[in-house]
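Chain by chain, the residues:
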Amino acid sequence: MWKFIGGMVVRRRSLPEVLAPAKISENNGGHDRKTSRKRSTFIKTVDRVSSSSPVKKIPHREPEPESNLSRNHKITSFFRRRTNEDVPCENTPPTSGKSEKSEAADAGTSRKAVNPISEQEPSPPPKSRRSKPKSARSTSKNQRSKSKTPSSSTVKLGTGPVSWRNSETARSSPNGDESDDDTVITEEKLRKIPTMIVVDPSIKRPFKYNERIRVVPKFEPSLPRGCGEAKKAEANGTWSRKRERKNAGEEREEVWPGIPDKKYGKRDEWTMNKADREAEEQADGPEKDRIMREIAERQWVAQALFECPDDPTQTKVLYEGWSSETMSTQLTDETNSTAPLVMMYRNIREKFLAKMKEEAEIRAIELMNALGRKISFEEALAKFFVQPPITSFSPSSRFWLYQDMDYFHSMQQKEHLLGPIWYMAMSNPEQLPPFYAYSSVNIVDKEAFDLCKNSLASLSTPDLIEKFYKHSTVFPGRKGVCSNSAGCKCNQRFNILYGHDSGMGRRMVDSGHVQVVKQIKHDSNGILDLADFRVSDLRVIMECSDECGCPHTCPRRRLQQGQTKPMVIYHEGEKGFGIRAAEGFKRGELICEYTGKMFVYNQAIVRTLPKHAQEYLNERSGKKDKKTTEEEMIEKPVDREEEIVKPVDTRKKRKPTSYQAGFSVMNDEIVICAGKEGNIARFANHSCEPNAAFFEVHSRRYVSDPLIPRVAIYATKDIALGEEVTVAYWDPTEQRKKTDIECRCGTASCMKFLPK
Ligand SMILES: C[S@@+](CC[C@H](N)C(=O)[O-])C[C@H]1O[C@@H](n2cnc3c(N)ncnc32)[C@H](O)[C@@H]1O
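Calculation rules
- Residues numbered from 1 in each chain as written.
- Predicted model: local features only at pLDDT ≥ 70, side-chain atom pairs only at ≥ 80, totals over all residues.
- Heavy atoms only, no water.
- Helix = DSSP H or I, 4+ residues; strand = E, 2+ residues; numbered from the N terminus.
- Buried < 20%, exposed > 50% of the residue type's maximum accessible area, 1.4 Å probe, protein only.
- Lys, Arg positive; Asp, Glu negative; His and termini not counted.
- Salt bridge = Lys/Arg side-chain N within 4 Å of Asp/Glu carboxyl O.
- Contact = heavy atoms within 4.5 Å.
- Phe/Tyr/Trp six-rings, centres within 6.5 Å; stacked < 30°, edge-to-face > 60°.
- Lys NZ or Arg CZ within 6 Å of the ring centre and 35° of its normal.
- Pairing = 2+ DSSP bridges.
- Axes fitted to C-alpha atoms, helices over the stretch in contact; angles between N-to-C directions.

Caption draft 1: View of the side chain of Glu543. Note on placement: Glu543 falls in the loop between strand 20 (539–542) and helix 18 (558–561). Buried Glu543, no salt bridge; nearest opposite-charge side chain is Arg710, N-O distance 5.7 Å. Once residues lying within four places of it in the same chain are set aside, the contact partners of Glu543 are Cys490, His522, Arg556, Arg557, Arg558, Leu559, Gln560, Val697, His698, Ser699 and Tyr714.

See the structure below:
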């Protein structure tokens, strides 16, 4: 078993199969085949679409060839989606060039509301026929709201320099109406943001433990809540993701958990246009006007924007729920105003890519010099940085799968008020993205939930004081960085639960030494004070909660505010994927949380075992109650992992994983496993000279919620834009058994092999 320093435990695994390269089928023969095969299905499914849907019931007829389609009609239905169709624009990779407006979006400057249509259209269509694109869901409300500063009752989350959340409030809306801005955080909204998902297989139907905690019989990855267009398309679309043959004889669906496997495609576009045209033709007078208005008012959700390098006034738009073959070209100024957040995402992505390219160019020159200039610069560069393979709009190109992962995972993040993420494999365009289900919160097994619910840490401070005051002499006062002017209760909590005055703050560590648990504190900007930080310290961060009386912007609630900065999951060659900063971090700044499935330790191991091993272990443990087993363990200490894993390892059936994190201080029975479900933190690679570390965090917004132990990654050094975020899986100063996995951290003090 490997140890992440600070109680993070990982277990060995081989590189997942999903990382193995596979061929992209660029010619997308499958698309046409599939759409024609599914045509009748679509006709059937549109019947079921509600009247509010833009999809209309239409008679079944043979499709007309593309060239015969009414151009005007397409323009009407799809927000002039074909207006610029003739503009030569390869869907080329994003570059660092930016328009003035996008610069403004980057800086988060507020802009006067603009009606993009009246401003940009040289010869505008009749008013009633104009439709407007909707920005990504993440900006849909934002789009509608006026540029406004939050009122005193609404506060913005996020600390430190510009975060995507900070800058987006400043945006204006093309419509200018005053509807609620989903980027302004109110207490009411916070109360409903999910904090965990509890899995209890014994229940039949999901229910709410409270406003933030849902109990489900099984965790099932699904599309994020706001993605209504994608959901509709998943039910009715005719384009579907192709199946991919990985190894001979083995077929696996190229359907990533939580990513739509069906979308609207060209055929649907044609069908909808045709239905519109027919409805329009058949109607008369006010009815005709109504239909035309309805068509004109349809909104499209922008999923991603791409630059046209030949013409910076144009931008390519990929729509949520639609395949890439239906992309359209729009005026950059329009997309700047109608989809400011998506534009901001594009700018962040481009800035990051420009940085990566710069780095790759330096490495390419180094390689050329090392090889005596036997290869050209272009060849050398291609070893480190390949432009995204968007030579065609073929929806089956792997590039579009990456775009979907970016969008749908970022939307999940958005749901939890967290920063956006991207996936990139710049040195190998054939690289498959990682195969796992995204979850911004922990998925807590019922047993772990009950354990946490009944733990001391879950008690309110008055209850803790009542229980423990007699055992403790010192409970230092209400000071700290907490923004409650009356003082903070949370140092008291720390002292009762983990302080050495309480008698619970001394722990035996692996080496057999006794260590004192250290409280790591924030400064008034939410930055950790890491003055005398050592990676091998036993440490806990104590956050404030509602019982403290401070607002949710309190610097002592940093993990509750979550990941504010954009991050990239970047393919690092032999190390697999890693995480990189798409914006710089200061030492002590929060990077993100480590989420995954949370289990009670023994059970966590047992459940990953093959059936026969599970049966054997369950049968054995069934004869003894839990207490006896634990007592036995204390009397005769055993390496729990050794004991449990051995029967399986000898049969060489189980693939070991390295995505498990354990707790040394808060609850050493609990494990977070991010092997199949988790967030970006699961990609943190090891370095012998890391720039970040794991911290156990005592964190909940509401004291009425059970306190589950949480893990955060904080920067322990300044991290620059584009730099990889790394942690130490074990204390490099400690002698440990080594595995045969070569460490590729590339640092001067590298131990050469990852530890056991
Ligand atoms: C927690 S995962 C990190 C994410 C992983 N790279 C991925 O793509 O899913 C740990 C695994 O990453 C790889 N890894 C992490 N750090 C490494 C390093 N310094 N050198 C080589 N491989 C590394 C090893 O395969 C290890 O088992």
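Text resumes after the structure shown.
Caption draft 2: Focus on the packing of aromatic side chains. Tallied over the entire structure, the rule returns 18 aromatic pairs. Here Trp256 and Phe435 contribute two aromatic rings whose centre-to-centre distance is 5.1 Å and whose plane-to-plane angle is 70°, an arrangement assigned as edge-to-face. Of this pair, Trp256 sits in the loop between strand 9 (250–253) and strand 10 (262–263) while Phe435 sits in the loop between strand 14 (421–424) and strand 15 (437–438), placing them 179 residues apart in sequence. Using a relative accessible area of 1% as the deciding quantity, one classes Trp256 as buried. Between Phe577 and Phe683 the ring centres are 6.2 Å apart and the planes differ by 65°, which places this aromatic pair in the edge-to-face class. Separated by 106 residues along the polypeptide, Phe577 in strand 22 (residues 577–581) and Phe683 in the loop between strand 27 (677–678) and strand 28 (685–686) bring together distant segments of the chain. Considered together, Phe577 and Phe683 belong to a single accessibility category, that of buried residues. Clustering of aromatic rings is evident, with ring pairs tying together Tyr264, Trp300, Tyr319 and Trp322. A cation sits over an aromatic face here: Arg682 above Tyr659, 4.4 Å from the ring centre. Geometry around Phe683 places Arg682 over its ring, the cationic atom sitting 4.8 Å from the centre.

Caption draft 3: Region of the structure containing the sheet that holds strand 28. Pairing in this open sheet of five strands is mixed, and the strands run 14-21-22-31-28 from one edge to the other. Both outer strands of the open sheet, strand 14 and strand 28, are each paired with one neighbouring strand and no more. Helix 12 (residues 340–370) rests against strand 14, strand 21 (567–571) and strand 22 of the sheet, and its axis sits at about 40° to strand 14. Along the sheet, helix 14 (residues 398–415) makes contact with strand 14 and strand 22, crossing strand 14 at roughly 160°.

Caption draft 4: Spatial organisation of the pattern of salt bridges. The final tally for this structure, using the stated rule, is 25 salt bridges. Lys192 is the salt-bridge partner of Glu188, the closest N and O atoms lying 3.9 Å from each other. One end of the pair, Glu188, and the other, Lys192, are both in helix 7 (residues 187–192), four residues apart, so they sit about a helical turn from each other. Judged by its relative accessible area of 43%, Lys192 is partly exposed. The partner of Glu415 in a salt bridge is Arg225, with the nearest N and O atoms 3.3 Å apart. A residue pair is termed long-range when its members are at least 10 positions apart, and Glu415 in helix 14 and Arg225 in the loop between strand 6 (213–216) and helix 8 (228–236) qualify at 190 residues. A single network of salt bridges, built from pairs that share partners, joins Lys518, Asp532, Arg534 and Asp537.

Caption draft 5: Structural view of the pairing of strand 12 (residues 314–319). Burial analysis of strand 12 places six of its six residues in the buried class, which makes it a mostly covered element. Here strand 12 shows no split at all, with Gln314, Lys316 and Leu318 on one side and Thr315, Val317 and Tyr319 on the other all buried. As defined by bridge partners, strand 11 (residues 299–307) adjoins strand 12 across five bridges and the pair is classed as antiparallel. Within the sheet, the bridge partner assigned to Ala302 lies in strand 12 and is Tyr319. Across four bridges, the pairing between strand 12 and strand 13 (residues 328–331) is antiparallel. Paired with Gln314 across the two strands is Leu331, which belongs to strand 13.

Caption draft 6: Summary view of the sheet that holds strand 24 (residues 597–600). With respect to topology, seven strands assemble into an open sheet ordered 5-6-4-16-24-26-25, the strand pairing being mixed. A single partner strand is all that each edge strand has here, and the edge strands are strand 5 (207–208) and strand 25 (660–662). Alignment of strand 16 (residues 442–445) against strand 24, held across two bridges, turns out to be parallel. Paired with Ile443 across the strands is Lys597, a residue of strand 24.

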